[in-house]
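# Per-entry structural report
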Amino acid sequence: SATFFGIAHNIPDATAIILQTPVGNIIHTGYFKIDYDEKDIVNSALTSFKKKLQPAFNSTSILTLYISFIFCPGKDNKNGYSALEIAKATVGVLNEIVPESVPGIAFLSGGLSDEAATAYLSAMNQQYNGRLPWNLTFSFGRGLQSQPLKAFAKGDIEEAQRILLKRSEETSLATLGKYELVKA
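Scope of this entry: the structure provided in the associated data block. Sequence order sets the numbering: in each chain, residues are counted from 1 along the sequence as written. Local features in a predicted model are, by the rule used here, given only for residues with pLDDT of at least 70; side-chain atom pairs are given and counted only at 80 or more, and totals for whole chains, interfaces and linings are based on all residues. Hydrogens and water are ignored here; the side-chain numbers use all heavy atoms of the structure.

Under the scheme used here, helices are H or I runs from DSSP no shorter than 4 residues and strands are E runs no shorter than 2 residues, and both carry numbers assigned from the N terminus. When its secondary structure is counted, the protein shows five helices and six strands. Along the protein, helices (α) and strands (β) appear in the sequence β-β-β-α-β-α-β-α-β-α-α when read from the amino end. Across the 184 residues in the protein, those meeting the buried criterion constitute 40%. In this analysis, two residues are considered to be in contact whenever any of their non-hydrogen atoms come within 4.5 Å of each other. Contacts in the protein between residues far apart in sequence, at least 24 positions, make up 68% of those at least 6 positions apart. Under the convention used here, a 1.4 Å probe and the Shrake-Rupley method define accessible areas, while residue burial counts only the protein chains that appear. For the protein, the accessible area works out to roughly 10,400 Å², and carbon and sulfur atoms hold 54% of it. Between buried and exposed lies partly exposed: a residue is buried under 20% and exposed over 50% of the maximum accessible area for its type, with that area taken using a 1.4 Å probe on protein chains only.

The following block contains the structure:
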């Protein structure tokens, strides 16, 4: 069965879903956008989020929590938060709301650039290096496919394959905390 619940998101009236399966629950959420000047709003959203998730966490085992990066500056933000700052803030929230019994958290690219999503995942894995109760991994469908599909649409199959292999290697490295974003 599926249960929907509202969440704090940069899109009004966003929802998340809990899919209840015979082997456990799968939770797929939207993402939080943090404005450090609006802590009351953020805390209220996190409290609501935790309250809504608690029954699912208590009912049966969770297989994987699918979530977008929680603390990402908006497109107009000029503060330039580092991948490490975003990683620390995201893990801080996850420590507050996700029980240790959840085996894995798969991050979605959530509208981020391929490189940013990969850098944030890598920063979390590098900073916490196996000291978290969950495995942090990716579910970057668009983050893996968007660049190769552009090359494929132009008829350049070899380039599409090359890019897909490169993105696969980069996201794999991020799960180990070994991806480094190279800025040109």
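The subject of this paragraph is helix α3 (residues 114-128). Spanning 15 residues, α3 covers 22 Å between terminal C-alpha atoms, matching the ideal 21 Å at 1.5 Å per step. Taken together, the buried positions of α3 are occupied by Asp114, Ala116, Ala117, Thr118, Ala119, Tyr120, Leu121, Ser122, Ala123, Met124, Asn125 and Tyr128. Looking one or two residues past α3, asparagine 129 carries a phi angle of roughly 30°, positive in sign. Helices are assigned an expected span. That span is 1.5 Å times one less than the residue count.

The next point concerns the pattern of salt bridges. Side chains that differ in charge, positive against negative, can pair when their charged atoms come close. One speaks of a salt bridge when a side-chain nitrogen belonging to Lys or Arg is within 4 Å of a carboxyl oxygen belonging to Asp or Glu. For the structure shown, the criterion picks out three salt bridges. The salt bridge involving glutamate 159 is made with arginine 162; its shortest N-O contact spans 2.6 Å. Taken together, the residues glutamate 159 and arginine 162, both in helix α5 (residues 157-175) and three residues apart, mark about one turn of the helix. For arginine 162, a relative accessible area of 46% corresponds to the partly exposed category. Here glutamate 170 makes a salt bridge to lysine 166, at a shortest N to O gap of 2.9 Å.

On a regular strand, one side chain projects to one face of the sheet and the next to the other, so that they alternate. Alignment of strand β5 (residues 104-108) against strand β6 (residues 135-138), held across four bridges, turns out to be parallel. Of the residues in β6, the one forming a bridge with glycine 104 is asparagine 135. Looking down the strands as they point away from the viewer, one classifies a crossover as right-handed if the path from the first strand across the helix to the second runs clockwise. Note on the crossover from β5 through α3 to β6: the handedness is right-handed. A pair of strands is considered paired only if DSSP assigns at least 2 bridges between the two.

This next bit is on the packing of α3 against α5. Axis lines are fitted through C-alpha atoms, for helices just across the contact stretch, and the angle between N-to-C directions can take any value from 0 to 180 degrees. Close contact between α3 and α5 brings their axes to 7 Å; oriented N to C, the two are set at 25°. As far as their axial angle goes, α5 and α3 are roughly parallel. Contact residues: α3 offers Asp114, Thr118, Leu121, Ser122 and Asn125, while α5 offers Arg167, Glu170, Thr171, Leu173, Ala174 and Thr175. In this scheme, roughly parallel covers angles under 35 degrees and roughly antiparallel covers those over 145, while 65 to 115 is roughly perpendicular and the rest are oblique.

This part takes up a nonpolar patch on the surface. The grouping of Leu149, Phe152 and Ile157 at the surface amounts to a nonpolar patch, some 310 Å² of accessible area in total. Tracing the sequence through the fold places leucine 149 in helix α4 (residues 141-153). Patch membership is restricted to residues that have no salt bridge and whose relative accessible area is over 30%. Joining uses 9 Å for like charges and 5 Å for the nonpolar side chains Val, Leu, Ile, Met, Phe, Trp and Tyr.

Moving on: unusual backbone geometry. Of note in the backbone geometry, asparagine 129 takes a positive phi value of approximately 30° without being a glycine. Locating asparagine 129 in the fold gives a position in the loop between α3 and β6.

Turning our eyes to something else, we now look at the nonpolar core. Nonpolar core, defined: a set of buried Ala, Val, Leu, Ile, Met, Phe, Trp, Tyr and Cys residues in which side-chain atoms within 4.5 Å join the residues together. Ranked by size, the top nonpolar core spans 23 residues in total, and within it Ile105, Phe107, Trp134 and Leu136 carry the most contacts. Elements supplying a minimum of two residues to this core: α2 (83-97), β5 and α3. Of all the elements, α3 adds the most residues to this core, at six residues.

What follows concerns the environment of leucine 176. The topology assignment puts leucine 176 in the segment after α5. For leucine 176, a relative accessible area of 52% gives the class exposed. A C-alpha to C-alpha distance of 8.9 Å links leucine 176 and threonine 137, two positions 39 residues apart in sequence.

On to the packing of α2 against α3. At a minimum axis separation of 8 Å, α2 and α3 run at an interaxial angle of 70°. On the basis of their axis angle, the class for α2 and α3 is roughly perpendicular. Helix-helix and strand crossings are classified by hand; for α2 and α3 the assignment is right-handed. Contact with α2, carried on its side by Ala83, Leu84, Ile86, Ala87, Lys88, Thr90 and Val91, involves Ala119, Tyr120, Ala123, Met124, Gln127 and Tyr128 of α3 and no other residues of that element. Here a crossing is called left-handed whenever its near helix is offset anticlockwise from the far helix by less than a right angle, and right-handed whenever the offset is clockwise.

Counting buried positions over the five residues of β5 gives five, a clear majority of the element. Here β5 shows two buried faces, one formed by Gly104, Ala106 and Leu108 and the other by Ile105 and Phe107.

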